[in-house]
Amino acid sequence: MDLSELTGNERLIAEHAVLSYREVAKATQNASPGQGMAAIEQVVVEKGFATLRRMIELGASEHPEAQKGGSAANRVRATTR
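Residues numbered from 1 in each chain as written. Predicted model: local features only at pLDDT ≥ 70, side-chain atom pairs only at ≥ 80, totals over all residues. Heavy atoms only, no water.

1. Observations concerning the pattern of salt bridges
Consideration 1: If you walk through the whole model with that rule in mind, you get 2 salt bridges.
Consideration 2: We note a salt bridge from Lys-26 to Glu-23, for which the minimum N-O separation is 3.6 Å. On the criterion of helical spacing, the pair formed by Lys-26 and Glu-23 is a turn pair, its members being 3 residues apart in helix α1 (residues 8-30).
Consideration 3: Lys-26 sits in the partly exposed class, given a relative accessible area of 41%.
Consideration 4: A salt bridge links Arg-54 to Glu-57; the shortest N-O distance between them is 3.3 Å. Here the residue Arg-54 and the residue Glu-57 both occupy positions in helix α2 (residues 36-61), the gap between them amounting to 3 residues, near one helical turn.
Consideration 5: Judged by its relative accessible area of 29%, Arg-54 is partly exposed.
Consideration 6: The partly exposed category is assigned to Glu-57, whose relative accessible area is 24%. (Salt bridge = Lys/Arg side-chain N within 4 Å of Asp/Glu carboxyl O. Helix = DSSP H or I, 4+ residues; strand = E, 2+ residues; numbered from the N terminus. Buried < 20%, exposed > 50% of the residue type's maximum accessible area, 1.4 Å probe, protein only.)

Shown next, in the form of structure tokens:
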């Protein structure tokens, strides 16, 4: 992969991924003995899901027709039928 060819959105996602990875590495180093996986999982829940949400938002904003008339940047609540 040629990083110089990334689009602005791709670069943003790459930066988020690196920041999430750094948080995982820091959690691993700071974890108490026997608590490494729990610390990593907590970081993934807190940081990893935020990165995934950002990826979804950016991907959807690049394709407005996928929004079916809704705003690409705003969250939509799921409703029950």
